[in-house]
Amino acid sequence: MPDEVVQWLRPESCRVLLDGTFGAGGHSIALAQRLPPGGRLLAVDRDPAAVAATTRRIEEDPESAGLPIEAFCGSYHRLERLLTAADETAVDGVVLDLGLSSDQLADRDRGFSFTGDGPLDLRFDPTSGQTAADFLAAASEFDIADAIYRYGEERYSRRIARAVVQRRQARQPVRTVAELVEICRRCVPRSKNHDIHPATRTFQALRITVNQELAILESALKVLPDHVRPGGRIAIISFHSLEDRLVKQAFRSDPRLQALTRKPLRPTDTEVDDNPRSRSAKMRVAEVVGDSPADRTPTPRRMGAKEAARYRDEEEE
Ligand SMILES: C[S@@+](CC[C@H](N)C(=O)[O-])C[C@H]1O[C@@H](n2cnc3c(N)ncnc32)[C@H](O)[C@@H]1O
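The written sequence of each chain sets the order in which its residues are numbered from 1. Residues qualify for local features only when their pLDDT is at least 70, as the model is predicted, and side-chain atom pairs are given and counted only at 80 or more; totals for whole chains, interfaces and linings, by contrast, use all residues. Water and hydrogen atoms were dropped before computing side-chain values, which therefore reflect all heavy atoms in the structure.

### Section: the site of the ligand
As a structural note, the neighbourhood of the ligand is formed by 22 residues, with Ala24, Asp45, Ser75, Asp97 and Gln104 the closest of them. In the model, an oxygen atom of the ligand is placed 3.3 Å from a nitrogen or oxygen of the Gly25 main chain. We call two N or O atoms a polar contact when they sit within 3.5 Å, provided that within protein one can donate a hydrogen and the other can accept it, with sequence-adjacent residues counted only if both atoms are side-chain atoms. Within the side chain of Asp97, an N or O atom sits 2.8 Å from a nitrogen atom of the ligand. All accessible areas in this document rest on Shrake-Rupley with a 1.4 Å probe, and a residue is counted as covered only by the protein chains that are shown. Out of a free accessible area of 610 Å², the ligand has 92% covered by protein chains. Think of it this way: one heavy atom of a residue within 4 Å of a molecule or strand is enough to make that residue near it.

Below, the structure written as C-alpha cells:
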C-alpha cells in the first residue's frame, strides 16, 4: 500500500523516516523520493540477503540511485541500536509492513513456499535462530500443536503434531517442505470451496513461531512511541488477525499515541489485482502525541561512522 503509506506519513514534512521492513524497498523508495533536501530514510530488515540485494538494486536503477536511503540489517524492535548506529535521536515517522516479501516466497531454499520443495527453514534471518525443521525436531507434541493452533488457527493442529512426532519416532524427522506438506494433506480435510491449501495455516504458524513475530511486534509497539517525535506517525500493515489485534490495542490504549484510523485501511481493488497477496493487508496509523521522551532524552551516540556501517543486530531476540 505505498500510496497510502506516503499519504499518511507525509514525508515532505519529515527529516528522518524509518522503514522497519525494507524488503524489496518499495516503501523506502516511495518515501525517500518525497523527503525534503537533507532528509534521511533509514531502512532496516532482518534478512541480510534482502538488505544486500535491495541496496544493490536501488543503486543500480537510475530511478532510485542517489536517493537518501541507508539500509541496515537488524530487527525493527531494536530501534535504539539503529538510531545510535545512524547517529540520530529520533525519527519523524515509521512504517512497518509485516510478514514476508515476494522475493523470500520465491526462494526455494528458504521454505516459505509450499508449492515446491526445499529445506524447511522459514527464518527471515537464516544466520540465526532455530529453523522450522529444528523446532519440529525438538519441541514436544503439545508445543507443536499449540503453536499451529495459536498462530495458524488450524483446527487440525493436534493431528498434524501427532504425525510430526510419529515421523520423529520412526527416525525420519520432518526436514523438508514436501514432507510437511504431505503431513498437512493427510491431516487437513480439503476446505469446502478449496480456497485454502491444507498447509497454509501450518506454514504460517511455524513462520510466526521461529521468527517470534508477535513477541517482536509487541516489543516494538512498546518502544516505538519513545523514538518518534511528537506529531510523527506510525503506520503498520499487518496480514494476520493476531498482528492486527496487537496493533489495534496498542494504538487505542497507549497514552503516547492517538489512533488516526478507526477502522483499518484496506488495499484498493487495483492493488489486489496487481498483487493478490495484498488482499488480506490491513493498515493502521497512529500519531505520537505530547512531549515524547525522544525529545527529552537524547539517544546516546556511542558508535562512530565506520562502526555504524558494520551495524548488525547479533543479539538474541
Ligand atoms: C512484506 S515484506 C516488506 C516489503 C516492503 N515494504 C517493500 O515495499 O518491498 C516484509 C519484510 O520484513 C522483514 N522483516 C520481518 N520481520 C522483521 C523484523 N523483526 N525486523 C526487520 N525486518 C523484518 C522481512 O524479512 C521482509 O523482508
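From this point, the narrative continues.
### As for helix H1 (residues 2-9)
When a residue's accessible area, from a 1.4 Å probe over protein chains only, is under 20% of the maximum for its type it is buried; when over 50% it is exposed; and in between it is partly exposed. Going along the chain from the N terminus, every DSSP run of H or I of four or more residues is numbered as a helix, and every run of E of two or more is numbered as a strand. All of the buried residues in H1 are Glu4, Val5, Val6, Trp8 and Leu9. Looking at the buried residues of H1, the elements they touch are helix H2 (26-32), strand E4 (91-97), strand E5 (228-238), helix H13 (269-274) and strand E7 (282-288). Contact between two residues is taken to exist if any of their heavy atoms lie within 4.5 Å; hydrogens are not considered.

### Some thoughts on the side chain of His240
Looking at the secondary structure, you find His240 in the loop between E5 and helix H12 (241-253). Its relative accessible area of 9% is what places His240 among the buried residues. A distance of 2.6 Å separates a polar atom in the side chain of His240 from a polar atom in the side chain of Gln204. Among residues more than four places away in sequence, those in contact with His240 are Tyr151, Glu153, Gln204 and Ile208.

### Regarding empty space enclosed by the protein
Buriedness of a pocket was judged along seven lines, with at least five required to meet protein on both sides within 12 Å; pockets are open sets of points on a 1 Å grid over the protein atoms alone, cavities are sets where a 1.4 Å probe fits but cannot get out, and lining residues have an atom within 4 Å of a point. Grid points are joined across faces, edges and corners, and a volume is the space filled by probe spheres set on the points. For the structure on display, the rule yields one cavity of 30 Å³ or more. Every residue lining the largest cavity is listed: Lys248, Phe251, Arg252, Ala259, Thr261, Arg262 and Arg284. Tallying contributions element by element places H12 first for the lining of the largest cavity, with three residues.

### Describing the sheet that holds strand E6 (residues 257-259)
Note on pairing: DSSP must find at least two bridges between two strands before they are called paired. The strand order across the open sheet formed by seven strands is E3-E2-E1-E4-E5-E7-E6, and the pairing between neighbours is mixed. Of all strands in the sheet, those with a lone pairing partner are strand E3 (69-73) and E6, marking the two edges. Taking each pair of neighbouring strands and ignoring which way they run, the sheet shows an average axis angle of 20 degrees. Of the pairings in the sheet, the one linking strand E2 (residues 40-45) to E3 comprises five bridges and is parallel in character. When the bridges of E3 are listed, Leu41 appears paired with Ile69. Sheet contacts for H1: E4, E5 and E7; angle to E5, the most-contacted strand, approximately 165 degrees. Every axis in this analysis is a line fitted to C-alpha atoms, fitted for helices over the stretch in contact. Angles between the N-to-C directions lie between 0 and 180 degrees. Helix H3 (residues 48-60) rests against E2 and E3 of the sheet, and its axis sits at about 160 degrees to E3.

### Quick notes on helix H9 (residues 177-187)
Turning to H9, its buried residues are Val177, Leu180, Val181, Ile183, Cys184 and Cys187. On an axial view of H9, the arc spanned by its buried residues comes to 160 degrees, and they lie on one face. Along H9, the residues that are exposed and aim more than 90 degrees away from the buried face are Arg185 and Arg186. In this description, the arc belongs to the directions extending from the helix axis to the C-beta atoms.

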